[in-house]
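Close look at the chain arrangement
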Amino acid sequence: MINMTASIYLDYAATTPMDISVIEKMTDTMRNHYGNASSIHQYGRNSKKLLEHARKTVAEYINALPEEIIFTSGGTESDNTAILMGAHARSDRGRHIITTAVEHEAVLKPLKRLEAEGFEVTYLPVGITGELDFEHFKEAVRQDTILVSIMSVNNEVGTIFPIEKIGAFLSERDILFHTDAVQAFGPLKIDVKKAKIDLLSASAHKIYGPKGVGFLYKRKNIAIPSFMLGGNQERKQRAGTENLPAIVGFEQAVCHMKANRAQFNQHAVNLREQLIYELNHQAINFQINGNLSQQVPHIINLYFPNKLAEQLLIQLDLKQIAVSAGSACTAGSIKPSHVLQSMYGDQSDRLMHSIRVSMGAFTTEKDIKDFVKVLKEIV
Amino acid sequence: MEQNKKTRIVVGMSGGVDSSVTALLLKEQGYDVVGIFMKNWDDTDESGFCTATQDYEDVAAVAEQIGIPYYSVNFEKEYWDKVFEYFLEEHRQGRTPNPDVMCNKEIKFKAFLNYALTLGADYVATGHYAQVVRDNNNVVHLLRGVDANKDQTYFLNQLSQDQLQKAMFPLGAMSKSEVRKIAQDAHLQTANKKDSTGICFIGERDFKEFLMNYLPAQPGKMMTFDGKEMGHHDGLMYYTIGQRRGLGIGGTQNSNDPWFVVGKDLSQNILYVGQGYHNEHLYATKLTAEKISFTHDIKKGTTFKAQAQFRYRQKPVNVTVILNDGQTEAEVYFDEPARAVTPGQSIVLYDENECLGGGTITAAYQEDQQLQYI
């Protein structure tokens with residue numbers, strides 16, 4: 001039904017298409033390496049070899065040790081494990097947790113559960129530019145704080161958070177530091193040792209890898225129990241037969257990212273500049289949410305004062321253009337973004353009138369031009 | 001067919017079989033069809049279950065089967081302001097509101113229609129059993145659905161000519177069983193889905209319990225017009241004129257005839273009951289109505305004869321209508337006394353099969369005597 005050649009995909013922050021090299025690696029693994037990595041026979045050994053190779057590649061990319069990487073089903077599982085298990089492991093020391101008001105639901109919902117269990121959670125608001133005030137953060141830390149979970153890059157606006165400063169500050173205290181790096185992993189150079197991160201969540205499908213696979217980095221010597229119980233996979237850290245084709249695909253995505261990161265980021269910077277230029281050139285009434293100098297280049301959040309985001313999204317889709325806005329609530333309609341709410345307040349017009357545009361490796365200058373042309377018609 | 005491709009029709013899809021078949025038929029006729037689920041009410045319960053989620057899943061499945069894009073649009077605020085507030089206010093006034101009429105007037109053919117127009121729609125279509133026919137002067141006439149048992153023009157009576165100009169009802173010429181058959185033959189996911197019953201935002205829940213959440217119940221006396229106390233009522237808003245069930249009164253020494261609600265007194269909080277289906281207090285010779293609206297300029301003058309229905313699925317009766325100067329209010333005289341004319345409900349006027357329009361009943365009369373219904 002949809003004419004694929006004419007369609008424009010500008011929702012890379014939701015998920016990316018897979019790189020062809022990833023698809024090929026995965027297909028080869030599915031075809032030739034079906035052994036269970038836990039089996040003793042040659043099929044098992046062969047799969048185990050691929051699994052550990054992938055672990056090493058991924059670990060190196062963030063300057064971690066291979067044994068510090070636990071493969072999971074993705075960002076959500078990694079976040080859930082880090083937060084629920086991390087908090088429980090430290091609950092004898094205290095019951096206070098710090099996070100931000102702009103985290104992904106995969107962080108906020110487990111925290112809600114912990115609150116119901118009697119933990120106390122401080123939600124740090126962000127400023128009008130989307131940035132986290134480091135001084136503000138420091139003041140929130142208490143004697144009984146046991147866990148801090150702060151995202152590396154915000155998924156809706158693209159704001160980069162001061163992870164290294166937070167890590168350095170927390171490393172002098174006995175407080176677990178988790179970061180949801182799902183949007184940061186790939187475009188940003190992450191060094192878990194330098195940033196003094198204890199727990200980090202990442203996912204493959206934001207970096208041209210497959211869906212349904214991610215990892216949790218867990219610093220050596222940190223003891224938190226496994227979330228999934230069953231077999232002894234992942235050094236007893238995560239039960240369940242390893243999804244080898246996806247893990248091999250993830251490894252390939254990391255290799256691909258490593259080789260092309262600088263180029264991808266430059267491409268995104270260029271496209272973003274072009275987008276802003278075209279919007280101005282077409283005299284479209286818009287504003288940027290956030291502060292571009294503190295954001296990853298491939299995500300931009302735009303406010304169109306005269307247009308409901310939901311309506312804009314549908315109109316764009318009917319013209320084969322894919323962007324996103326807020327998050328879907330029950331029955332598919334859009335609820336106001338909690339991120340923009342923290343930045344601009346409950347009453348801001350921006351909440352219902354903003355969309356997220358996110359670009360990537362396959363986005364072309366023509367895509368941006370055509371997108372703005374259609375916007376001009378609609379807005 | 002080829003021409004239809006350029007006509008965009010936005011279909012209001014509820015996740016039921018009727019709107020599913022509506023979308024299917026239009027798609028088969030070659031139109032550019034877009035499906036929209038109207039999210040009008042948030043009924044998420046404590047466990048997180050929400051019927052709208054299931055309904056939207058059904059919309060998604062059907063739209064995929066047909067091959068049309070589909071979206072969910074939130075009209076909760078409009079629905080609350082225009083339909084639910086009205087619903088509560090009518091109950092507060094002791095009247096029996098008709099939220100479906102208001103939903104068609106304010107939501108489906110106003111908020112939703114306007115939304116669809118911004119998406120480039122030429123028409124909106126719904127699964128109503130009604131027909132729209134355009135005459136040589138480009139006037140659209142609203143006609144009853146062919147399936148007499150399903151005809152829904154009663155609920156569409158408040159639509160204006162402007163609204164009808166943009167409406168399509170592809171099921172109007174079909175029977176419900178034909179619609180089911182089409183859905184089954186096309187293996188639509190909703191082919192055997194049960195029809196929704198009752199008021200959409202209350203659904204299967206207990207009406208009394210639902211209303212209690214929003215309006216304080218004021219129990220009071222249940223009496224006969226002769227002044228005999230017959231027990232207590234739970235709150236006037238839970239009863240409607242002519243209602244038999246839920247009174248909790250058995251036969252008396254004099255008669256075994258069942259008891260009915262025959263009147264209300266809001267100021268004294270009394271519910272009047274009387275015996276017998278044909279109780280005299282249930283019969284009116286005239287009613288008055290407000291918010292009169294016509295489906296087009298019917299050019300009948302201020303006094304005319306018509307057929308009328310004062311409740312859904314009722315056999316139409318012959319009436320004489322006298323309009324006020326502004327044509328916003330009416331007195332409607334029945335040829336034969338009419339039973340259980342209920343303030344708050346719609347009086348809908350017909351000329352044979354054509355729905356001319358209607359209004360909201362404000363009072364019922366026996367000759368010149370107003371019946372004690374509010």
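All values reported here derive from a predicted model rather than from experimental measurement.

Let's shift gears to the overall build of chain A. In terms of regular secondary structure, chain A is built from 11 helices and 14 strands. Over its C-alpha trace chain A gives a radius of gyration of 21 Å, about what one expects of a compact globule, namely 21 Å for 379 residues. The principal-axis extent of the C-alpha atoms belonging to chain A is close to 65 × 55 × 40 Å. By residue count, 49% of the 379 residues in chain A fall in the buried class. Long-range pairs, those at least 24 residues apart, make up 73% of the contacts in chain A between residues at least 6 apart in sequence.

A tally of regular secondary structure across chain B gives 8 helices and 18 strands. Compactness check: chain B gives a C-alpha radius of gyration of 22 Å against a globular reference of 21 Å for 374 residues, within 12% of the reference. Projected onto its principal axes, the C-alpha coordinates of chain B cover approximately 70 × 55 × 35 Å. Burial statistics for chain B: of 374 residues in total, 44% are counted as buried. Considering only intrachain contacts with a sequence separation of at least 6, the fraction spanning at least 24 residues in chain B is 66%.

Turning our eyes to something else, we now look at the domain arrangement of chain A. Residue and element names in this part refer to chain A. Looking at the assigned domains, one finds that chain A contains domain 1 (4-18 + 260-378) and domain 2 (20-256). Every contact between the two is made by 27 residues of domain 1 and, on the other side, 29 residues of domain 2. Within the residue set of the side of domain 1 that touches domain 2, elements represented by two or more residues are α8 (244-281), β10 (299-303) and α10 (338-344). Classifying every residue of the side of domain 1 that touches domain 2 by side-chain character gives 11 nonpolar, 14 polar and 2 charged.

In this section: the interface of chain B and chain A. Across the boundary between the two partners, chain B contributes 17 residues, which contact 11 residues of chain A. Elements supplying a minimum of two residues to the side of chain B that touches chain A: β2 (32-39), α2 (51-66), β3 (70-74) and α4 (99-118) of chain B. For the side of chain B that touches chain A, the element with the highest residue contribution is β3(B), accounting for 4 residues. Here the side of chain B that touches chain A is composed, by residue class, of 10 nonpolar, 6 polar and 1 charged.

On to the packing of helix α3 (residues 76-92) of chain B against α4(B). Residues and elements named next belong to chain B. Contact geometry for α3 and α4: axes closest at 9 Å, N-to-C directions at 165 degrees. Between α3 and α4, the crossing angle belongs to the class labelled roughly antiparallel. In terms of crossing hand, the pair formed by α3 and α4 is right-handed. Taking contact as the criterion, the partners of Glu78, Tyr79, Lys82, Val83, Tyr86 and Phe87 in α3 are, on α4, Pro99, Met102, Cys103, Glu106, Ile107 and Ala111.

This part is about the pairing of strand β14 (residues 317-323) of chain B. Residue and element names in this part refer to chain B. Bridge count for strand β13 (residues 303-309) against β14 is 6 bridges, and the pairing is antiparallel. What sits directly across from Ala308, in β14, is Val317. Sheet topology note: the β14/strand β15 (residues 330-339) ladder contains 5 bridges and is antiparallel. Across the sheet, the residue bridging to Thr320 is Tyr333, located in β15. Counted between consecutive antiparallel strands, the loop separating β14 from β15 contains 6 residues, among which Gln327 sits at a positive phi close to 60 degrees.

The next thing to look at is the nonpolar core. Formed by 208 residues in total, the largest nonpolar core has its most connected members in Tyr217(A), Ile247(A), Phe250(A), Ile9(B), Ala23(B), Leu287(B) and Ala308(B). Examining the composition of this core, we find that 13 residues originate from one element, α8(A), more than from any other. If near-sequence neighbours (up to four positions away) are discounted, Ile247(A) is found in contact with Leu51(A), Ala54(A), Phe71(A), Val213(A) and Glu242(A).

Residue and element names in this part refer to chain B. For chain B, the domain assignment lists domain 1 (4-185), domain 2 (216-274) and domain 3 (281-370). Between the C-alpha centres of domain 1 and domain 3 the distance comes to 26 Å. If you look at the interface, domain 1 gives 20 residues, while domain 3 gives 16 residues. Counting only elements with at least two residues in the side of domain 1 that touches domain 3, the list comes to β6 (140-144), α5 (153-156) and α6 (161-165). Examining the composition of the side of domain 1 that touches domain 3, we find that 4 residues originate from one element, β6, more than from any other.

This part covers the packing of α8(A) against helix α11 (residues 365-378) of chain A. All names here are of chain A. One way to put it is that α8 packs onto α11 with a least axis distance of 10 Å and a crossing angle of 25 degrees. As the angle between them shows, α8 and α11 are arranged roughly parallel. Considering the relative orientation of α8 and α11, their crossing is right-handed. On α11, the residues that touch Leu271, Gln274, Leu275, Glu278 and Leu279 of α8 are Glu365, Ile368, Lys369 and Val372.

Residues and elements named next belong to chain A. The strand order β2-β8-β7-β6-β5-β3-β4 describes an open sheet built from 7 strands, whose pairing is mixed. Since the sheet does not close on itself, it has two edges, and those belong to β2 (69-72) and β4 (120-124), each with one partner. For this sheet, the mean angle separating the axes of adjacent strands, direction not counted, is 20 degrees. In the sheet, strand β6 (residues 176-180) pairs with strand β7 (residues 199-203) via 3 bridges, with the strands oriented parallel. Bridged to Thr179 within β7 is Leu200. Here helix α6 (residues 163-171) sits on the sheet and contacts β5 (145-149) and β6; the angle it forms with β6, its principal contact strand, is near 165 degrees.

Residues and elements named next belong to chain A. Reading across from one edge, β9-β10-β14 is the order of the 3 strands in this open sheet, with antiparallel pairing throughout. Edge strands, defined here as strands with exactly one partner in the open sheet, are β9 (287-289) and β14 (354-358). The sheet shows a mean angle of 40 degrees between the axes of neighbouring strands, taken without regard to direction. Note: β9 against β10, 3 bridges, orientation antiparallel. Its bridge partner being in β10, Gln287 is matched across the sheet by Tyr303.

On to helix α2 (residues 42-61) of chain A, then. Because an α-helix completes one turn every 3.6 residues, residues spaced three or four positions apart along the sequence face the same direction. Residue and element names in this part refer to chain A. The terminal C-alpha atoms of α2 lie 29 Å apart, and with 20 residues this matches the ideal 28 Å at 1.5 Å per residue to within 8%. For α2, the set of buried residues is Ser47, Leu50, Leu51, Ala54, Arg55, Val58 and Tyr61. Down the axis of α2, the buried side of the element spans an arc of 140 degrees, and every buried residue falls inside it. Within α2, the exposed residues directed more than 90 degrees away from the buried face are Gln42 and Arg45. Close packing links the buried residues of α2 with α1 (20-32), β2, β8 (214-218) and α8. After α2 finishes, the residue Asn63 shows a positive phi value of roughly 60 degrees.

Tracing the backbone through its elements, the reader meets Arg313(B) in the loop between β13 and β14. Judged by the 11 C-beta atoms lying within 10 Å of it, Arg313(B) is exposed.

Turning our attention to unusual backbone geometry. With a phi close to 50 degrees, Arg235(A) is a non-glycine residue in the positive phi region. When you line up the elements, Arg235(A) lands in helix α7 (residues 233-236). With 10 C-beta atoms counted inside 10 Å, the residue Arg235(A) sits in the exposed group. A positive phi is found at Glu352(B), a non-glycine position, where the angle reads about 55 degrees. By the secondary structure assignment, Glu352(B) is in the loop between β16 (346-351) and β17 (354-366).

For the rest of this paragraph, the subject is helix α9 (residues 309-318) of chain A. Those residues of α9(A) not exposed but buried are Ala309(A), Glu310(A), Leu312(A), Leu313(A), Ile314(A) and Gln315(A). On its buried face, α9(A) is in contact with β13 (334-335), β14 and α11 of chain A together with β3 of chain B. Once α9(A) finishes, Gln320(A) follows within two positions and takes phi at roughly 65 degrees, a positive value.

Definitions and cut-offs
- Residues numbered from 1 in each chain as written.
- Chains lettered and ligands numbered in written order.
- Predicted model: local features only at pLDDT ≥ 70, side-chain atom pairs only at ≥ 80, totals over all residues.
- Helix = DSSP H or I, 4+ residues; strand = E, 2+ residues; numbered from the N terminus.
- Rg over C-alpha atoms; globule rule 2.2 N^0.38 Å.
- Buried ≥ 20, exposed ≤ 12 C-beta atoms within 10 Å, placed from the backbone.
- Contact = placed C-beta atoms within 7 Å.
- Domains from an automatic or database assignment.
- Nonpolar A, V, L, I, M, F, W, Y, C, P; charged D, E, K, R; others polar.
- Axes fitted to C-alpha atoms, helices over the stretch in contact; angles between N-to-C directions.
- Parallel < 35°, antiparallel > 145°, perpendicular 65-115°, else oblique.
- Left-handed = near helix turned anticlockwise from the far one by under 90°.
- Pairing = 2+ DSSP bridges.
- Core = buried A, V, L, I, M, F, W, Y, C linked by C-beta atoms within 7 Å.
- Expected span 1.5 Å × (residues − 1).
- Arc of directions from axis to C-beta.

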